[in-house]
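The residues making up each chain are set out below.
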Amino acid sequence: MSRNIHPKEDEDISADVLKLQQLLLALGRRRSLRDPIASTCEQLQFTPPQVHALLWLGQDGSLTMGELARRLGVTEKTVTGLVDRLEREGHLLRERSAADRRVVRCRLTPDGLQTYQRLERFMTQGMGQLLSILDGVDRKALFRILEKLLRRMDTLGPPSAATTARERSA
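Residues numbered from 1 in each chain as written. Predicted model: local features only at pLDDT ≥ 70, side-chain atom pairs only at ≥ 80, totals over all residues. Heavy atoms only, no water.

Caption draft 1: Here's a closer look at the overall build of the protein. Secondary structure summary: the protein contains eight helices and three strands in total. Ordered by position from the N terminus, the helices and strands of the protein form the series α-α-α-β-α-α-β-β-α-α-α. In the protein, once contacts between residues fewer than 6 apart in sequence are set aside, the share between residues at least 24 apart is 45%. (Helix = DSSP H or I, 4+ residues; strand = E, 2+ residues; numbered from the N terminus. Contact = heavy atoms within 4.5 Å.)

Caption draft 2: Seen up close, the pattern of salt bridges. The final tally for this structure, using the stated rule, is eight salt bridges. Residues E67 and R70 are paired through a salt bridge, measuring 3.4 Å at the closest nitrogen-oxygen approach. Highlighted residues: E67 and R70, both in helix α4 (residues 65-72), separated by three residues, approximately one helical turn. Residue E67 is classed as partly exposed on the basis of its relative accessible area, which comes to 25%. In this structure, a network of salt bridges that share partners links the residues D60, E67, R70 and R71. (Salt bridge = Lys/Arg side-chain N within 4 Å of Asp/Glu carboxyl O. Buried < 20%, exposed > 50% of the residue type's maximum accessible area, 1.4 Å probe, protein only.)

Caption draft 3: Quick peek at the nonpolar core. Ranked by internal contacts, the top residues of the largest apolar core, which has 23 residues, are L57, L68, V79, V83 and L86. Counting only elements with at least two residues in this core, the list comes to α2 (31-44), α3 (48-60), α4, α5 (76-88), β3 (104-108) and α6 (110-131). When residues no more than four places from it in sequence are discounted, the contact partners of L86 are F46, Q50, A53, L54, H91 and L92. (Core = buried A, V, L, I, M, F, W, Y, C linked by side-chain atoms within 4.5 Å.)

Caption draft 4: How the structure looks around α5. The first and last C-alpha atoms of α5 sit 18 Å apart over 13 residues, in line with the 18 Å expected at 1.5 Å per residue. Listed in full, the buried residues belonging to α5 are V79, L82, V83 and L86. Projected onto a plane normal to the axis of α5, the buried residues spread over an arc of 100° and lie on a single side. Facing away from the buried side of α5 by over 90 degrees, the exposed positions are K77 and R88. Elements in contact with the buried residues of α5: α3, α4, β2 (92-96) and β3. Among the residues trailing α5, G90 stands out with phi positive, at a value near 85°. (Expected span 1.5 Å × (residues − 1). Arc of directions from axis to C-beta.)

Caption draft 5: Examining a nonpolar patch on the surface more closely. A cluster of nonpolar side chains, namely L142, F143, L146, L149, M153 and L156, defines an oily patch on the protein surface of about 580 Å² accessible area. Relative to the assigned elements, F143 resides in helix α7 (residues 136-156). (Patch = residues over 30% accessible without salt bridge, like charges linked within 9 Å, V, L, I, M, F, W, Y side chains within 5 Å. Areas by Shrake-Rupley, 256 points an atom, 1.4 Å probe, with all protein chains shown as cover.)

Caption draft 6: Examining the packing of α3 against α4 more closely. Running from amino to carboxyl end, α3 crosses α4 at an angle of 120°, the nearest separation of the two axes being 10 Å. Viewed along their axes, α3 and α4 adopt a mutual orientation that is oblique. Between α3 and α4 lies a crossing of right-handed hand. Contact residues: P49, H52, A53, W56, L57 and D60 in α3; L68, R71 and L72 in α4. Within the contact of α3 with α4, the residues separate by chemical class into six nonpolar, one polar and two charged. (Axes fitted to C-alpha atoms, helices over the stretch in contact; angles between N-to-C directions. Parallel < 35°, antiparallel > 145°, perpendicular 65-115°, else oblique. Left-handed = near helix turned anticlockwise from the far one by under 90°. Nonpolar A, V, L, I, M, F, W, Y, C, P; charged D, E, K, R; others polar.)

Caption draft 7: Broad picture of the environment of M65. In this fold, M65 is placed in helix α4. Residues M65 and C106 lie 41 residues apart in sequence; the distance between their C-alpha atoms is 6.7 Å. Not counting residues up to four positions away in its chain, the partners in contact with M65 are V79, T80, V83, R94, V104 and C106.

Caption draft 8: Seen up close, the confidence of the model for the protein. With 82% of its residues at a pLDDT of 70 or more, the protein shows a mean pLDDT of 83. In the model of the protein, helix α8 (residues 161-169) stands out as the element of lowest mean pLDDT, 44, in contrast to β3, which has the highest, 95. Between residues 161-170, whose pLDDT stays under 50, and residues either more than four places distant or in other chains, the model counts two contacts. (pLDDT = per-residue confidence, 0-100.)

Structure, rendered in structure tokens:
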């Protein structure tokens, strides 16, 4: 349900949402955007969620199983299987918290760190290819818009537990 009391603005937002969806879908269908990640997954024999887990752990360091599941958009049961395989293959370790033994954290091993660095190089190369399509003025505009979006999202605060549960069940 919309919080806006101005029907015209609701129509504009609805049209903008549709336009954004169409543009993001069109971008997602472009071979050049998928291939760096897809080929990396194939070469390293990882699933996309495993690649994302390695990227999150490489970027942010040790994460709890619950936090990793939230970042990947999967259940804790699903992340357990994903972590099992990455641990079995020597890419990460699970560690119990000394303060609370119920809390399990994941961190990259030295082999996992090397894999992360390789993934990061592929990602950087892919983003460079994408950004090279735009001229300097357009890149600055893109960064300005993304930074503005982040600032405005920060003022909204984290999503409520009810919102998060609704999004998961949708």
